[in-house]
Amino acid sequence: MDLRGALKKNFGYDAFRPLQEEIINDALAGRDVFALMPTGGGKSLCFQLPALLREGMTIVVSPLIALMKDQVDALRASGIAATFLNSSLDRHEAAERFRGLNRGEYRMLYVAPERLMLDTFLEGALNWNIAQFAIDEAHCISEWGHDFRPEYRQLAKLRTHLPDLPIMALTATATERVRADIVKQLKLRDPRCYVASFNRPNLTYRVVPKTSAYEQLLAFVRAHADESGIVYCASRKTAETLTKKLSEDGISAKPYHAGLEGRDRTKHQEAFLRDDVRVITATIAFGMGINKPNVRFVVHHDLPKNIESYYQETGRAGRDGLPSDCVLLFSASDVVKQRRFIEEKNEHEQRIAHEQLRAMIAYAETRECRRATLLKYFGEDFAEASCDGCDNCLNPRETFDGTVHAQKFLSCVQRIRQKSGFSFGLNHIVDVLAGADTEAIRQRGHDEVSTYGVGRDLKRSAWQAIGRELLRIGLVTAAPGKFATLQLTDAGWAALRERKPITLTKPFDVEPRKRGKKRAGEIECDEALFEELRALRRRLADERDVPAYVIFSDVSLREMARACPTTPAEFGKIPGVGQQKLRDFAEPFTAAIADHLAANSARSTTLA
Ligand code: ADP
Ligand code: ZN
């Protein structure tokens, strides 16, 4: 079978992503398949293409009710007969679709698990010519997974009810244990298991010392003008505050967290999907149900509690394969906060949680490749010397002989403790070093210690960086507690006593990446034309009441703004333009491109 031809005709793509072709071949052969692919890996296509190429209908089970309509709209825009059934439909609509199913009008049906497993539904389904089941987000079936859903558990009965139908299980999250559980629960028969690399080459990872969180965030969001992003934070309150501040600074933002009413949550999510809102400030409650392909950045305002969550959350950036940024704002006081959360758990949970947090901190503090560190956590080797896509690889940090400064800092920590009998936090120590005239210093007589003012040679921010470095290399520790007070460790004492040389790394700020080098996934194009095409896409999407990406992805628009097709034949070569979209959209897009070219050449002639 000509799979490539079918891929171009129906979806407009020229090549398969890794593993897609193998999975599709197995599905067409009627085998059970288990597919583990990262977000953006292209899982949907693995069941969508076979659904078009074989007799009968494919039933797709998904927990994400809010998403079904968009998925079905996207398929229909490509000319594929798809529909969905879930609780968002009223009785009449549902009955109408049932009749359509009985008449065999659809190639694909998206359905929520609780509906699929109703006896009445399964009986009705006996009349349909079903070819295959695809179970999306399959990890929801496992209690070991991070998103267990009891209604998914019922899918265990699927095999008993319809023993002859092949099942494909797909997920982006699965540890060894969850993987085995999925296979067992769904009773997959001798399934072929596919595990794609979890590397996301188009994502750049960066960790930035959190000094003035909001200003840092604002600068970052402003540097990404016109782009969508998610800001994850640890609490509802922070989510609310950030939205408020961003809005005051002229950036359209909305919060998303469990404290909002369902209606508002849906409204905010919808607005984000449709590019009406640029930034979502979210607690972890957000994200599962979102497959917006053009999320260009994910900022973690607060420290995530483990690497799994961090990988999942950053994974929501750049699904379309275009370059996207992931930034984590990191501070020692966030570590303290996370530890306090952990202390509220029972003993067994505490052990696991501390372990996970340690790995997260190690990621944040490492001077090695972040990508390699993430992948290693999931058991994958990243062998290259530089990934060209993380702060540590892009700007290897310079080191300097910090012995004198470290000595000053350590001895200041020590003197202050001697004077007051207890310890103080980083900011206070920096104040003393800088010789600041604060109420706290005068009151406690810290202007009398011998290290008062010995650090006037450096800026406060430099001293803060040195303090963080000393924490990182373990010469001081921060006490758990609200104020994160600093104390010397044994190694710190030794360093102070023995006057050992101490090497520190130079701090740096959130610099936008240096221009010049091309980023993974980057498509260079006429940016002005891209903006025009974006506006056109938006108009077409609004007319049809669908999200913009249902019309075309950013990738397709960038390819248009690069190749500038002005005839239908040229337009058909653009990735993402299949048969149906060629028919529907060649006219408006080629016209817009021709206009743009004419206007530009007119301009250059006038100038000449
Ligand atoms: P996942 O479900 O694995 O997160 P999706 O199925 O949503 O990923 O696919 C992510 C994006 O990649 C979508 O925009 C999809 O259209 C696109 N895509 C999938 N397969 C291909 C391919 N072979 N070539 C180009 N783009 C693809
Ligand atoms: Zn790297």
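Scroll up for the structure.
Residues numbered from 1 in each chain as written. Chains lettered and ligands numbered in written order. Predicted model: local features only at pLDDT ≥ 70, side-chain atom pairs only at ≥ 80, totals over all residues. Heavy atoms only, no water.

**Q** Account for the coordination of the zinc ion (ligand 2), with residues named and values stated.
**A** The zinc ion (ligand 2) binds to the protein through Cys369 (SG), Cys387 (SG), Cys390 (SG) and Cys393 (SG), with metal-donor distances spanning 2.3 to 2.4 Å. In this structure, the zinc ion (ligand 2) is coordinated by four donor atoms arranged in tetrahedral fashion, with angles at the metal of 101 to 118°. Coordination of the zinc ion (ligand 2) draws on donor residues from a single chain, spaced C-x17-C-x2-C-x2-C in sequence. In this pair, Cys369 sits in the loop between helix H16 (347–365) and helix H17 (370–377) while Cys393 sits in helix H18 (residues 391–394), placing the two residues 24 residues apart along the sequence. Assigned by exposure class, Cys369 and Cys393 land together as buried. (Donors = N, O, S within 2.8 Å, 3.2 Å for Na, K, Ca; no water. Tetrahedral: all angles 85-135°; square planar, octahedral: opposite > 155°, others 65-115°. Helix = DSSP H or I, 4+ residues; strand = E, 2+ residues; numbered from the N terminus. Buried < 20%, exposed > 50% of the residue type's maximum accessible area, 1.4 Å probe, protein only.)

**Q** Quick rundown of the sheet that holds strand E1 (residues 33–36)? Include the residues and the values.
**A** The pairing of strands in a sheet comes from backbone hydrogen bonds and takes either a parallel or an antiparallel form. One open sheet holds the seven strands; their spatial order is E3-E4-E2-E5-E6-E1-E7, and the pairing between them is parallel. Here the strands that pair on one side only, and so sit at the sheet edges, are strand E3 (82–85) and strand E7 (192–195). Averaged over all pairs of adjacent strands, the angle between strand axes in this sheet comes to 15°, irrespective of strand direction. By the bridge criterion, three bridges tie strand E5 (residues 130–135) to strand E6 (residues 167–171) in an arrangement that is parallel. (Pairing = 2+ DSSP bridges. Axes fitted to C-alpha atoms, helices over the stretch in contact; angles between N-to-C directions.)

**Q** Requested: an account of empty space enclosed by the protein, with residues and values cited.
**A** Enumeration over the complete set of coordinates arrives at five cavities of 30 Å³ or more. Considered as a void within the structure, the largest cavity measures approximately 60 Å³ in volume. When its residues are assigned to classes, the lining of the largest cavity shows five nonpolar, two polar and four charged. (1 Å grid on protein atoms, 1.4 Å probe; cavity = no way out; pocket = protein on both sides within 12 Å on 5 of 7 lines; lining within 4 Å. Points joined across faces, edges and corners; volume = space filled by probe spheres on them. Nonpolar A, V, L, I, M, F, W, Y, C, P; charged D, E, K, R; others polar.)

**Q** Describe the pairing of strand E11 (residues 279–282), and please don't skip the residues or the numbers.
**A** By the alternation rule, side chains of E11 split into Val279 and Thr281 and Ile280 and Ala282, which are all buried. Across four bridges, the pairing between strand E9 (residues 228–232) and E11 is parallel. Opposite Gly229, over in E11, you have Val279 as the bridge partner. Of the pairings in the sheet, the one linking strand E10 (residues 253–256) to E11 comprises four bridges and is parallel in character. Note on E11: the bridge partner recorded for Lys254 is Ile280. Between the parallel pair E10 and E11, the chain is carried across by helix H13 (residues 262–273), and the sense of this crossover is right-handed. (Right-handed = clockwise from strand over helix to strand, strands pointing away.)

**Q** Tell me about the site of ligand 1, and please be specific about residues and values.
**A** Lining the immediate environment of ligand 1, one finds 13 residues, of which Tyr13, Ala15, Gly40, Lys43 and Ser44 sit closest. Contact between ligand 1 and Arg17: an oxygen atom at 3.1 Å from a side-chain N or O atom of the residue. Between an oxygen atom of ligand 1 and a main-chain N or O atom of Gly40, the distance comes to 2.6 Å. Starting from 570 Å² of accessible surface for ligand 1 in isolation, the protein chains cover 81%. Looking at side-chain class alone, the shell around ligand 1 contains four nonpolar, six polar and three charged residues. (Near = heavy atom within 4 Å. Polar contact = N/O pair within 3.5 Å; in protein donor to acceptor, adjacent residues only side chain to side chain. Areas by Shrake-Rupley, 256 points an atom, 1.4 Å probe, with all protein chains shown as cover.)

**Q** Pulling in residues and values, what's your account of the packing of helix H19 (residues 403–420) against helix H23 (residues 490–498)?
**A** At their nearest, the axes of H19 and H23 sit 10 Å apart, and the two run at 115° to each other. Judged by the twist between their axes, the crossing of H19 over H23 is left-handed. Mapping the contact onto sequence places Gln407, Leu410, Ser411 and Gln414 in H19 and Gly492, Trp493, Ala495 and Leu496 in H23. In terms of residue class, the contact of H19 with H23 is made up of four nonpolar, four polar and no charged. (Left-handed = near helix turned anticlockwise from the far one by under 90°. Contact = heavy atoms within 4.5 Å.)

**Q** Tell me about the pattern of salt bridges, and name the residues and values.
**A** In this structure the tally under the stated criterion is 38 salt bridges. Salt-bridge contacts for Asp334 lead to Lys210; the nearest nitrogen and oxygen are separated by 2.9 Å. Of this pair, Asp334 sits in helix H15 (residues 332–343) while Lys210 sits in the loop between strand E8 (203–209) and helix H11 (213–223), and the two are 124 residues apart along the sequence. Accessibility classification places Asp334 together with Lys210 in one group, the buried group. A salt bridge links Glu543 to Arg544, with the shortest nitrogen-to-oxygen separation between them at 3.7 Å. The class for Glu543 is exposed, based on a relative accessible area of 57%. On the basis of relative accessible area, Arg544 is assigned to the partly exposed category, the value being 41%. What emerges from the salt-bridge pattern is a single network uniting Glu96, Arg99, Arg103 and Glu105. (Salt bridge = Lys/Arg side-chain N within 4 Å of Asp/Glu carboxyl O.)

**Q** So, helix H24 (residues 527–544): which residues are in play, and what are the values?
**A** Over its 18 residues, H24 runs 26 Å from end to end, which matches the ideal 26 Å to within 8%, given 1.5 Å per residue. Along H24, the residues that are buried comprise Leu529, Phe530, Leu533, Leu536, Arg537, Leu540 and Ala541. Viewed along the axis of H24, the buried residues span an arc of 135°, placing them on a single side of the element. Between the side-chain oxygen of the N-cap and the backbone nitrogen of Ala528 there are 3.1 Å, and the N-cap of H24 in question is Asp526. Positive backbone phi, at 60°, marks Asp545, one or two positions downstream of H24. (Expected span 1.5 Å × (residues − 1). Arc of directions from axis to C-beta.)

**Q** Requested: an account of the sheet that holds E9, with residues and values cited.
**A** Within the open sheet, the six strands sit side by side as E8-E13-E12-E9-E11-E10. Their pairing is parallel. This sheet does not close on itself; its edge strands, each paired only once, are E8 and E10. Mean inter-strand twist for the sheet, computed between neighbouring axes without regard to direction, equals 20°. Here strand E12 (residues 295–300) runs beside strand E13 (residues 324–330); their pairing, made up of four bridges, is parallel. Bridge pairing in E13 places Phe297 opposite Asp325.

**Q** Give a detailed account of the packing of aromatic side chains, specifying residues and quantitative values.
**A** With the rule as written, the count across this model stands at 15 aromatic pairs. Between Phe220 and Phe297, the ring centres sit 5.4 Å apart and the planes meet at 85°, which makes this aromatic pair edge-to-face. Taken together, the residues span a long stretch of sequence, with Phe220 in helix H11 and Phe297 in strand E12 at a distance of 77 residues. Overall, the relative accessible area of 8% leaves Phe220 in the buried class. Judged by relative accessible area, Phe297 falls into the buried class, the value being 0%. Considering the side-chain rings of Phe552 and Phe589, the 5.3 Å spacing of their centres and the 80° angle between planes classify their relative orientation as edge-to-face. Separated by 37 residues along the polypeptide, Phe552 in the loop between helix H25 (548–551) and helix H26 (554–563) and Phe589 in helix H28 (residues 579–607) bring together distant segments of the chain. Across this residue pair, the class does not change: Phe552 and Phe589 are buried. Ring-pair connections join several aromatic residues into one group, and the members of that group are Phe198, Tyr311, Tyr377 and Phe378. One residue, Arg97, lies across the ring of Phe84, its end atom 4.6 Å from the ring centre. One cation-aromatic arrangement involves Arg558 over Phe530; the distance from NZ or CZ to the ring centre is 4.3 Å. (Phe/Tyr/Trp six-rings, centres within 6.5 Å; stacked < 30°, edge-to-face > 60°. Lys NZ or Arg CZ within 6 Å of the ring centre and 35° of its normal.)

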